[in-house]
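# Descriptive structure summary
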Amino acid sequence: MINILKNVLSEFDGIDYGELRYHERISNVISIRKGELETIASNNYSGVGVRTLYQSGWGFSSTSRTDISEIKQAISDAIASAKVSSQGKKNKSIKLAKVNLAQGKFQPTINDALTNHTFEEKLELVKKTEEKLKNASSIIQSSSVVYREMLDKKIIVTTDGAACEVIDSKPEFRVFVFASNGKEYVESIEAVGITGGWADLFQEKKPDDFIDIVVRRAEALLKAEYPKGERSAVILDPSLVGLISHEAIGHTVEADFVLSGAITKGKIGTRVGSDLVTLFDSGAEGSAGGTLLVDDEGVITKKIIIIDKGILKSYLHNRETAAEFGVEPTGNARAFEYSDEPIIRMRNTGIERGKQSLDEIIAGVKQGYLLKGTKGGQADANAEFMFAAQEAYRITDGKLGALLRGVTISGQAFDVLKSVDAVSDDFKWDMGSGYCGKWQYAKVDGGGPYIRCNAIIGGRQ
Amino acid sequence: MIELGELAVKKALELGATEAEAYLIKGKQFYVALENNDIKLAKSQIMDGIGIRVFKNKSLGFASVNTFSQDKVMSAVSNAVRLANLTPKDDANSMPSISNNYTQVQGIFDSNAEKIGMDEVLKFAQRMLATALKFDSRITVDSGIFAGGFGENAVVNSKGIKLAEMASSFDFGIMGMAHDKGEVSCFQYEFDTTHNIADINVENVAMIFAKKVISSLGAKKGESFTGSIILEPDVFADMLGVIIAAASANNIQKKMSRLVGQLNKQIAVSGLTIEDNGLIAGGAATSTFDREGVARLPLKIIDKGVLTSYLYNTYCANKDKSQSTGHAVGGTRGLPSIGPSNIIVNAGNKSQADLIKEIKRGLYVTRLSAQPNPVSGDFSGVVKGGFLISDGEFKTPVIETMISGNIFNLLNQISGLSLEQKKVMSFLVPYCRIEDVSITSG
């Protein structure tokens, strides 16, 4: 395939830039809910995406047929689109930053390939786990276990030198219960999503551990009170730190968004967080769920420090915005499937570890909360955010107290970063089963240490 | 397409399947994306896809592939049958048979859509962008799309269903914020969809967006109190989405719903009626048949506050020894699940202005950033583009204000629906006033 793609590059003669990306994806999913097989599917989604730049106009086309004549047709469609796009484009100075583009083969560390394990084995695992889960407690109304895997092979070839093959392997495992005591309902989720193989997926927790965690949490939540709304000292766990880093901060430093006037525009070099906060985005984080060795423009990824000790240092770029800002591309151009064009996306986003132990940080709180686990949330253009936590514990005079449920946290993310007065000495990626949506999906991860900050706690009154 | 579907079904039966279904989609689309007040990209795409569902002695298998190339389709068929050899037997696994109650729907295919090219699509996108930018210089269009295309979907199964239908669609929307002296407003967006070229109104979408975004400038911290709220139709539609999902038979059977055991009971104020109707001429979700080839029929979900029906696909209907209501939804890449078609919420008897005038102390909500618990209905969300209402009049726009409660409980706290209804994608919804809502400001 790489030779076929190289051979048709000449179709871009007279055009400013051409990019061909063959992407073959096998995605398999098994889901059992309440003892019944809910989904079993094997999907193959493959083809070639063509992107081209002509006089500052971008054009894109794709084809699921991979013989030479069809690829040539897609190139010609993309060029025609670029020409139309160029007519409508006001900014006529679009350029791509020069960078050494990827050549050769790239593959993350995969311990025990997913293909070594049969569909039977994966189905059996989901079945057994759900069976145990269903019977683990009388409060369980509904239980579900899902296994999902994405196996990718990409070939990226561009008119300015990229020629690489990129392999990827991303499995996920998710355990969920919905529980009730007859009057009230709670839910509890534990999930893992990584880059790697079968052995990597269950390295930290075995399937039975997932069951214990979700059931114990559901039992406790059913007895828990709701919080009252207030501004308070809050300690966030690595998954919530990951969620804020990604959702509330990360999106505001995506350069396409910065150009549209995000709140971080013109703030490089200024203080946006307390000096305890160093925040980064990286494609090269081993088994983290958002690991991406080469982006979809053929740029080799690396770790980008976005905020260094509280000072905003860098945005996240593709080759176009890097040229506009006069910096190096950061390897953040990503496309979910062959039929998607690359856009600026995060990879693994988090806050660097600090020096204090979690116990010390808790001990320093007179009145406040410790929040653990995410249940999703949203953030806005002005970095105002609202996230739901799975668990919240009241802290009084430095001691952990009762569990609360239905707790949300909200605030303005940069105000929250400025209020950070303690960062723990551990680090964990804990958002890898998540997908980020920005016109198209992307597999991302987020994480960090525990941090102590100030934010608004909300919940049902 | 039907021929390829028949071929796939035949092959599946030859490989040992006892029932087989092929769901096929092909389509062509032109798309222009906006970014940072400019054109970002023009994209054309051709989509082919086929999903094969088989039952082998009541055991399920599914596989899909995004090409009509025969060898790949046949390999997907054998994958589906292979999976059916592994999975447990389930007596509810059977496919629908052909029936004679199909109603040919109108207004979903505009034959002129086949003639639309990238040039026209670009012009629509430019008009939408120009309208928004001209409204006020403080507006930034962060992103937007105009997409136009047409396609055909088909269902073929081994029980006699062989159906195909053409549809065209034009989807367009715009999102962004406003800047004023260092202040960045919250995000606002507006989208619309139509099947017909004559109904494309990009200027209207751009104007609604522009007004929303400008009015959210100058927001101040709100107040904490318990009072009335008015939900714009977009926000009310989102909330009703939770109620409708709870009425899905799958969620009922799996006990993942607050509506378990509530059939024929009063679950809302008597002024509320919600109907699902997949046959409305030109409706965004209108079609003759559903994802499994079952005929669409109108269905009252809530009638004067009483829950009158759940939504069924064939699998869930089989489990309840009932009939599918024609609500199987999904694409080629997954099994048919359950979802609504067009949702119509009845209009009330007062204008939106009168609903506001009667409020002593309240909050007007144009957008709510919330993630309600789909099962319990508990929610706590940040109000975006909200306004305090005092003695029947709009006061300041607010930020950092949250409302919380339970969506199912709120159905009994509705004190008025407006005469005006707004089309929100496949929903037709009035403004809604709700009493005794907890409003918190940080």
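Here the structure is a predicted model, which means the values were calculated and not measured. (Residues numbered from 1 in each chain as written. Chains lettered and ligands numbered in written order. Predicted model: local features only at pLDDT ≥ 70, side-chain atom pairs only at ≥ 80, totals over all residues.)

With that settled, consider the overall build of chain B. Within chain B, the regular secondary structure consists of nine helices and 21 strands. Relative to the 2.2 N^0.38 estimate, which gives 22 Å for 442 residues, the radius of gyration of chain B is 24 Å and therefore close to what a compact globule would have. Its C-alpha atoms give chain B principal-axis dimensions of roughly 70 × 55 × 35 Å. Out of the 442 residues in chain B, the part that is buried amounts to 57%. Of the contacts made within chain B by residues no fewer than 6 positions apart, 71% connect residues no fewer than 24 positions apart. (Helix = DSSP H or I, 4+ residues; strand = E, 2+ residues; numbered from the N terminus. Rg over C-alpha atoms; globule rule 2.2 N^0.38 Å. Buried ≥ 20, exposed ≤ 12 C-beta atoms within 10 Å, placed from the backbone. Contact = placed C-beta atoms within 7 Å.)

Further remarks concern the overall build of chain A. On a plain count of helices and strands, chain A comes out with ten helices and 24 strands. Its C-alpha atoms give chain A principal-axis dimensions of roughly 70 × 55 × 35 Å. Looking at the 461 residues of chain A, the share that counts as buried comes to 60%. Summarising the internal contacts of chain A: among those between residues at least 6 apart in sequence, 74% fall at separations of at least 24.

Counting from both sides, the interface comprises 65 residues of chain B and, opposite them, 66 residues of chain A. When the residues that make up the side of chain B that touches chain A are grouped by side-chain class, the tally is 24 nonpolar, 27 polar and 14 charged. In this structure, strand β2 (residues 36–54) of chain A lies alongside strand β3 (residues 59–65) of chain B, joined through three bridges in parallel fashion. The residue bridging Asn44(A) from the neighbouring strand is Val65(B), located in β3(B). (Nonpolar A, V, L, I, M, F, W, Y, C, P; charged D, E, K, R; others polar. Pairing = 2+ DSSP bridges.)

With that out of the way, let us pick up the pairing of strand β21 (residues 435–438) of chain A. All names here are of chain A. Bridge count between β21 and strand β22 (residues 440–443): four bridges; the pairing is antiparallel. Of the residues in β22, the one forming a bridge with Gly-437 is Tyr-441. Hairpin connection of β21 to β22: one residue between the antiparallel strands, including Trp-439 at a positive phi of 70°.

The subject of this paragraph is helix α5 (residues 233–246) of chain B. All names here are of chain B. The end-to-end C-alpha separation of α5 is 20 Å, in line with the 20 Å expected for 14 residues at 1.5 Å each. Within α5, ten of the 14 residues are buried, which leaves it mostly tucked inside the rest of the structure. For α5, the full list of buried residues reads Pro-233, Asp-234, Val-235, Phe-236, Ala-237, Met-239, Leu-240, Ile-243, Ile-244 and Ala-246. (Expected span 1.5 Å × (residues − 1).)

A few words on the nonpolar core. Grouped together as the largest cluster of nonpolar side chains are 273 residues, with contacts concentrated most on Leu371(A), Ile52(B), Ala80(B) and Met128(B). By residue number, the principal contributor to this core is strand β1 (residues 19–35) of chain B, which donates nine residues. Once you skip the residues sitting within four places of it in the chain, Ile52(B) turns out to touch Ala8(B), Ala12(B), Ala22(B), Phe62(B), Ala63(B), Ser64(B), Ala76(B), Val77(B) and Ala80(B). (Core = buried A, V, L, I, M, F, W, Y, C linked by C-beta atoms within 7 Å.)

With that out of the way, let us pick up the domain arrangement of chain B. Residues and elements named next belong to chain B. Domain assignment breaks chain B into domain 1 (2–215) and domain 2 (219–442). Taking only C-alpha atoms into account, the centre of domain 1 sits 24 Å from that of domain 2. Every contact between the two is made by 36 residues of domain 1 and, on the other side, 28 residues of domain 2. Elements represented by at least two residues in the side of domain 1 that touches domain 2 include exactly β1, β2 (38–56), β3, β4 (139–157), β5 (162–180), β7 (188–194) and α4 (202–215). Residue contributions to the side of domain 1 that touches domain 2 peak at four residues, all from β2. (Domains from an automatic or database assignment.)

Attention shifts here to the sheet that holds strand β11 (residues 311–312) of chain A. Residue and element names in this part refer to chain A. Pairing in this open sheet of six strands is mixed, and the strands run β11-β10-β9-β14-β23-β20 from one edge to the other. Single-partner strands in this sheet number two, and they are β11 and β20 (428–429). For β20 and strand β23 (residues 445–448), the ladder comprises two bridges, and the chain directions are antiparallel. The residue bridging Trp-429 from the neighbouring strand is Gly-447, located in β23. Contacts between helix α6 (residues 238–249) and the sheet are confined to β9 (279–282), β14 (348–351), β20 and β23, with β23 contributing the most and set at about 125° to the helix. (Axes fitted to C-alpha atoms, helices over the stretch in contact; angles between N-to-C directions.)

What follows deals with the confidence of the model for chain B. On average, residues of chain B score 95 in pLDDT, and 100% of them are at 70 or above. Two numbers describe this predicted complex: its pTM, 0.93, and its ipTM, 0.91. (pLDDT = per-residue confidence, 0-100.)

Residues and elements named next belong to chain B. Over its 14 residues, α4 runs 20 Å from end to end, which matches the ideal 20 Å to within 8%, given 1.5 Å per residue. All of the buried residues along α4 are Val-202, Val-205, Ala-206, Phe-209, Ala-210, Lys-212 and Val-213. What you see down the axis of α4 is that its buried residues fit within an arc of 165°, all on one side. (Arc of directions from axis to C-beta.)

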